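Per-entry structural report
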Amino acid sequence: MAFGQPRIEYKTNAQMRTMHEAGLVLSRALDAAQAAAAPGVTTKQLDEAFAAVLNEAGAKSNFLGYHGFPATICTSVNEEVVHGIPGGKVLNDGDIISIDGGAIVDGWHSDSARTVIVGTVDPEDQRLSDVTQAAMWHGIAALATGTHVGDIGAAIDDYVSSVPGKPLGILEDYVGHGIGSEMHMAPDVLNYRTSHRGPRIKPGLCLAIEPMLVRGSIETAVLDDDWTVVTTDGKRSCQWEHSVAVHEKGIWVLSAPDGGAEHLVPLGVVPVPIP
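From a predicted model like this one, the values you see are computed outputs, not experimental measurements.

**A few points about the overall build of the protein chain**
Looking only at helices and strands, one finds five helices and 14 strands in the protein chain. The C-alpha atoms of the protein chain give a radius of gyration of 17 Å, which matches the 19 Å a tight globule of 275 residues would have. The principal-axis extent of the C-alpha atoms belonging to the protein chain is close to 45 × 45 × 40 Å. Counting across all 275 residues of the protein chain, residues that qualify as buried make up 55%. A separation threshold of at least 6 residues defines the contact pool for the protein chain, and within that pool the share at least 24 residues apart is 70%. Accessible surface, the protein chain: about 11,600 Å² in total, of which carbon and sulfur atoms supply 52%. Once the 18 positive and 34 negative side-chain charges of the protein chain are each reduced to a mean point, those two points are 7 Å apart.

Structural data, given as structure tokens:
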């Protein structure tokens, strides 16, 4: 602890390379869960598809058993924002679902989320997902070009505010986080602009950047299962997330096979593999 703030864990290059191994397993597991998302499929079946990839790779889930969480992924459907529990819920045509998962390899964690629209696509849901995903990439780009963690939230906020059309809300109750030897660590990574600059960005810092946007009010509530977070107005929500490492040569998106190049290069950032 320093001045009452939790200590930030800075990783070595070797540790970050192991986190990338975990991120690659996680990416394949999310691929499997995403491919399984179709009308008539239960959220439990998505969890099973995800878990099978982890098991085959010899990786562990960092969600299963976390404070008692009973599954390997969170499946948040429509007005569910985050922390939805997989089970007997059947996906319907036109549902929007955020799939959030993690993996551990040799004690080092990864965390990533994607949003999928099932079957028939509502253009407004597609816009919600596209803007959320792009906001995440703008936040990741700010990690490469900024000086303080607060620059990430400012970049996300600025991008979302600049998008033409009906305004989308950025959730403030749930934020990104540090990641490494644990899934949730210091520092918090806000998804909106504040006067607080946050800690300085320096090599060894690893963050999970995860904006959550909604089509209506940013007010949320937790259901009786003590996990599932929903919008109080019933409007749809969306989450995208990647784990990202900062090293001496640049940044590398740990949960993306290409390190994030496809989305970062158009933003003027070239990700560099961890030495």
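**Notes on helix 2 (residues 43-57)**
Given 3.6 residues per turn, any residue in an α-helix points the same way as the ones three and four places further on. An ideal rise of 1.5 Å per residue puts 21 Å on 15 residues; helix 2 measures up with 22 Å between its terminal C-alpha atoms. Burial in helix 2 covers these residues: T43, L46, D47, F50, A51, V53 and L54. Considered in projection along helix 2, the buried side chains sweep an arc of 155 degrees and stay on one side of the axis. For helix 2, exposure combined with an orientation more than 90 degrees from the buried face picks out N55 and E56. Where helix 2 is buried, its residues contact helix 1 (13-36), strand 1 (73-77) and strand 3 (96-105).

**Brief notes about the state of the cysteines**
Tallying each qualifying case throughout the model produces zero disulfides. Residue C238 stays outside any disulfide, its sulfur separated by 15 Å from that of C74, the closest cysteine.

**Description of the environment of S129**
With respect to the element layout, S129 can be found in helix 3 (residues 123-145). On the basis of relative accessibility, which here comes to 4%, the residue S129 falls in the buried class. Along the chain, S129 and V77 lie 52 residues apart, while their C-alpha atoms are 13 Å from each other. The contacts of S129, once residues within four sequence positions are left out, are T115, C238 and W240. Polar contacts involving the side chain of S129 include one to the side chain of W240, which spans 3.1 Å.

**A closer look at the nonpolar core**
Counting residues in each nonpolar core, the largest one holds 33 residues, and the members touching the most others are I140, L143 and I209. Of all the secondary structure elements, the ones that give two or more residues to this core are helix 3, helix 4 (150-162), strand 8 (206-209), strand 13 (242-247) and strand 14 (250-253). Of the residues forming this core, the biggest block, eight residues, is contributed by helix 3. For L143, the contacting residues outside a window of four places in its chain are I152, I201, L205, L207, I209, V244, V246 and I251. Counting 22 residues, the second-largest nonpolar core is a separate cluster that includes A29, L30, V77 and V105.

The rules behind these values
- Residues numbered from 1 in each chain as written.
- Predicted model: local features only at pLDDT ≥ 70, side-chain atom pairs only at ≥ 80, totals over all residues.
- Heavy atoms only, no water.
- Helix = DSSP H or I, 4+ residues; strand = E, 2+ residues; numbered from the N terminus.
- Rg over C-alpha atoms; globule rule 2.2 N^0.38 Å.
- Buried < 20%, exposed > 50% of the residue type's maximum accessible area, 1.4 Å probe, protein only.
- Contact = heavy atoms within 4.5 Å.
- Areas by Shrake-Rupley, 256 points an atom, 1.4 Å probe, with all protein chains shown as cover.
- Lys, Arg positive; Asp, Glu negative; His and termini not counted.
- Charge placed at Lys NZ, Arg CZ, Asp CG, Glu CD.
- Expected span 1.5 Å × (residues − 1).
- Arc of directions from axis to C-beta.
- Disulfide = S-S within 2.5 Å.
- Polar contact = N/O pair within 3.5 Å; in protein donor to acceptor, adjacent residues only side chain to side chain.
- Core = buried A, V, L, I, M, F, W, Y, C linked by side-chain atoms within 4.5 Å.

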